[in-house]
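So you can see what is in the structure, the chains are spelled out below.
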Amino acid sequence: MASIKGSGRRGTALHASLIIGVLLSAFPFYWAVIMSTHTSSEIFSYPPKLLPGSHFLENVRSLFDTIDFFGSMWNSLLVATLVTFLVLLFDSLAAFVFAKFDFPGKNVLFALLMLIFMVPAQMSAIPQFVIMAKIGWIGSMTALIVPAAANAFGIFWMRQYMRSAIHDELLDASKLDGANFLRQYWHVALPVVRPGLAFLGIFTFMGQWNDYAWPLIALTNPDNVTLQVALSQLNGTHGTTDYGMVMTGAVLALIPLLIVFAIGARQIIGDLAKGAVRG
């Protein structure tokens, strides 16, 4: 009986700590929403206002009048969606080869991949800009999409996932049935690694959606920018920034991320639950 009571107290303490952690994690989002409903003077008032205000629609109108919000959002959505699709395709194909097939120079190529993985992205900005300029892609969305179509992290992540998730017996059985490489990839590998793909998709989409430095460099036309670059234009000079409008833009920019995260997380949880039931 004492052990049951002790385990009950530990369970209650664990749930209480998790609830506190969730509230602390969610508070910045709540605070951003609250600030988007106030004016700048109300945001800096003391004591701080913790309840919604009445200026949200005014902040939205000011936001739409200041920048092309929907145009820049479409640019970000186009880039993030295409890059995510290409990364899932190319990285999973490369990872499948590294994880389940042997070929000459495999270890050397993977070591080079890990070296690329450890190089900060900022170090490649200048040579990447020079290459894009010589090709003639500077100023177009192609300069954002093509260089990000595959990355070392995605290949490494999917390789590690496939090594444990895809059993060699499945591949051997598919070979006996006459399946070639593409059929093995499509019918054997992909159904098994969907949780890993869902995580990589969320990670890639969020990274592209929030990317600021490279779009600022590559998109030389101010009328053809992504959302993060457009939102940076809301910062005024000499203390004239309308922080209510800035926070409104930030809150609206979060909506696509929340949708993608909800869809991806549901896919991950659903596939893991199916695996647990089968197990």
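In short, a report on the structure. On a predicted model such as this, the values are computed, not experimentally measured, just so you know.

Look at helix α10 (residues 181–192) against helix α11 (residues 194–210): their axes get within 5 Å of each other, and the N-to-C directions meet at 70°. Of the possible angle classes, the one that applies to α10 and α11 is roughly perpendicular. Residues Leu190, Pro191 and Val192 of α10 form the contact with α11, whose participating residues are Arg194, Pro195 and Leu197. Across the contact of α10 with α11, the residue classes break down as five nonpolar, no polar and one charged.

Mapped onto the elements of the fold, Met158 is located in helix α8 (residues 152–165). Each C-alpha atom, one on Met158 and one on Gly196, is 6.7 Å from the other, the two residues being 38 residues apart in sequence. The contact partners of Met158, leaving out residues within four places of it in the chain, are Asp91, Ala95, Val193, Gly196, Leu197 and Leu200.

What follows deals with α11. The terminal C-alpha atoms of α11, which comprises 17 residues, lie 24 Å apart, in line with the 24 Å expected from a rise of 1.5 Å per residue. Within the sequence span of α11, burial applies to Pro195, Gly196, Leu197, Ala198, Leu200, Gly201, Ile202, Thr204, Phe205 and Trp209.

Once that is clear, we can look at unusual backbone geometry. The residue after Tyr46, namely Pro47, is reached through a cis peptide bond having omega 0°. Following the sequence through the fold, Pro47 ends up in the loop between α2 (40–43) and α3 (56–66).

Let us look at α10. The end-to-end C-alpha separation of α10 is 16 Å, in line with the 16 Å expected for twelve residues at 1.5 Å each. The set of residues buried in α10 consists of Gln184, Tyr185, Val188, Ala189 and Leu190. On its buried side, α10 packs onto α4 (69–100), α9 (168–176) and α11.

Evaluation of the coordinates by the stated rule reveals 20 aromatic pairs. On the basis of an interplanar angle of 45° and a centroid distance of 5.7 Å, the ring pair of Phe64 and Phe69 is categorised as tilted. Given the relative accessible area of 33%, Phe64 is considered partly exposed. When the ring of Trp157 is compared with that of Tyr161, the centres are 5.9 Å apart and the planes differ by 45°; the resulting orientation is tilted.

The rules behind the values
Residues numbered from 1 in each chain as written. Predicted model: local features only at pLDDT ≥ 70, side-chain atom pairs only at ≥ 80, totals over all residues. Heavy atoms only, no water. Axes fitted to C-alpha atoms, helices over the stretch in contact; angles between N-to-C directions. Helix = DSSP H or I, 4+ residues; strand = E, 2+ residues; numbered from the N terminus. Parallel < 35°, antiparallel > 145°, perpendicular 65-115°, else oblique. Contact = heavy atoms within 4.5 Å. Nonpolar A, V, L, I, M, F, W, Y, C, P; charged D, E, K, R; others polar. Expected span 1.5 Å × (residues − 1). Buried < 20%, exposed > 50% of the residue type's maximum accessible area, 1.4 Å probe, protein only. Phe/Tyr/Trp six-rings, centres within 6.5 Å; stacked < 30°, edge-to-face > 60°.

This is a description of form; function is not addressed.
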